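Commentary on secondary and tertiary structure
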Amino acid sequence: TEVVMAKVPTSVEPKMSKGAKQAFGVLMPALQKEMKEQNKYFTIVDKPTSTMFVFNPDGTLMDSSFVVLGKAMGDFYVGQTDFAKNRNTAAGLFKATAEKGSGTYDGKTVYTYGNEAEGWNAVFMHRVYLKESDAQARRDALATGKNTRLSHGCVNGANDFMDKRSEEHTSE
């Protein structure tokens, strides 16, 4: 058995947690062929550093930004659709689908994942909400990467960062 591990780009390596580096090393070789064929990018949300890293199909860094994460600690959803119990940002490998968001999301792109066989779909990544009472705290978290546990569980990126992702990859 041969172990294939991708090397994390040196420009981003110091900014990533040990777990994010391991995820990149394992997943990049496994996903790279499909990413190149379909011109898709690869995203790692590094919860310990509250940073989203977006990589090109060749493994180079496209962009990165601090993100807001779920208020609750933990990696797994509980209680199915029990909103109060699911204010954590789930961990795992997800194949995201870009969709036009409803008015709740200002009509902008949201990223969802789900299980069609089980009949559910969930929004998990979108632009940051700035209409709530903690809007300034969210702005500060996105600027500094500190005190980022503010969302209801979704990964929230700065509006310009998230808009750029959806504009660059509208065919995905």
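Further up the page is the structure itself.
Residues numbered from 1 in each chain as written. Predicted model: local features only at pLDDT ≥ 70, side-chain atom pairs only at ≥ 80, totals over all residues. Heavy atoms only, no water.

Attention now goes to the pairing of strand 1 (residues 42–46). A one-sided burial pattern is seen for strand 1, the buried positions being F42, I44 and D46 and the unburied ones T43 and V45. Pairing of strand 1 with strand 2 (residues 51–55), which is carried by 5 bridges, proceeds in the antiparallel orientation. Bridge assignment links T43 to a residue of strand 2, and that residue is V54. (Buried < 20%, exposed > 50% of the residue type's maximum accessible area, 1.4 Å probe, protein only. Helix = DSSP H or I, 4+ residues; strand = E, 2+ residues; numbered from the N terminus. Pairing = 2+ DSSP bridges.)

An α-helix turns once every 3.6 residues. As a result, residues three or four positions apart point the same way. Residues of helix 2 (residues 135–144) that are buried include every one of A135, R138, A141 and L142, and no others. Projected down its long axis, helix 2 shows its buried positions confined to an angular sector of 120 degrees, all on one face. Just downstream of helix 2, G145 is the residue with a positive phi angle, here 80 degrees. (Arc of directions from axis to C-beta.)

Within the largest apolar cluster, 19 residues are counted, with the highest numbers of intra-cluster contacts made by M52, V68, Y111, M125, V155, F161 and M162. Those elements that place two or more of their residues in this core are strand 2, strand 3 (61–70), strand 5 (109–115), strand 6 (120–127), helix 2 and helix 3 (159–168). A per-element tally of this core places strand 3 first, with 3 residues. The next biggest cluster of nonpolar side chains, apart from the first, holds 11 residues, and it includes V8, F24, F53 and F55. (Core = buried A, V, L, I, M, F, W, Y, C linked by side-chain atoms within 4.5 Å.)

In this structure, the largest pocket encloses a volume near 1100 Å³. Of all elements in the fold, only helix 1 (18–38), strand 1, strand 4 (97–100), strand 5 and strand 6 reach the threshold of two or more residues within the lining of the largest pocket. Here the lining of the largest pocket is composed, by residue class, of 22 nonpolar, 8 polar and 6 charged. (1 Å grid on protein atoms, 1.4 Å probe; cavity = no way out; pocket = protein on both sides within 12 Å on 5 of 7 lines; lining within 4 Å. Points joined across faces, edges and corners; volume = space filled by probe spheres on them. Nonpolar A, V, L, I, M, F, W, Y, C, P; charged D, E, K, R; others polar.)

What follows concerns the pattern of salt bridges. Applying the stated criterion to the full structure yields 6 salt bridges. Among the salt bridges present, the one from D134 reaches R138, with a minimum N-O distance of 2.8 Å. A single burial state applies to D134 and to R138, both of which are buried. In the salt-bridge network here, residues are joined through shared partners; they are E132, D134 and R138. (Salt bridge = Lys/Arg side-chain N within 4 Å of Asp/Glu carboxyl O.)

Time to look at a nonpolar patch on the surface. Judged by side-chain polarity, V3, M5 and V26 come together as a nonpolar surface patch covering roughly 300 Å² of accessible area. Note on V3: relative accessible area 66%, which makes it exposed. (Patch = residues over 30% accessible without salt bridge, like charges linked within 9 Å, V, L, I, M, F, W, Y side chains within 5 Å. Areas by Shrake-Rupley, 256 points an atom, 1.4 Å probe, with all protein chains shown as cover.)

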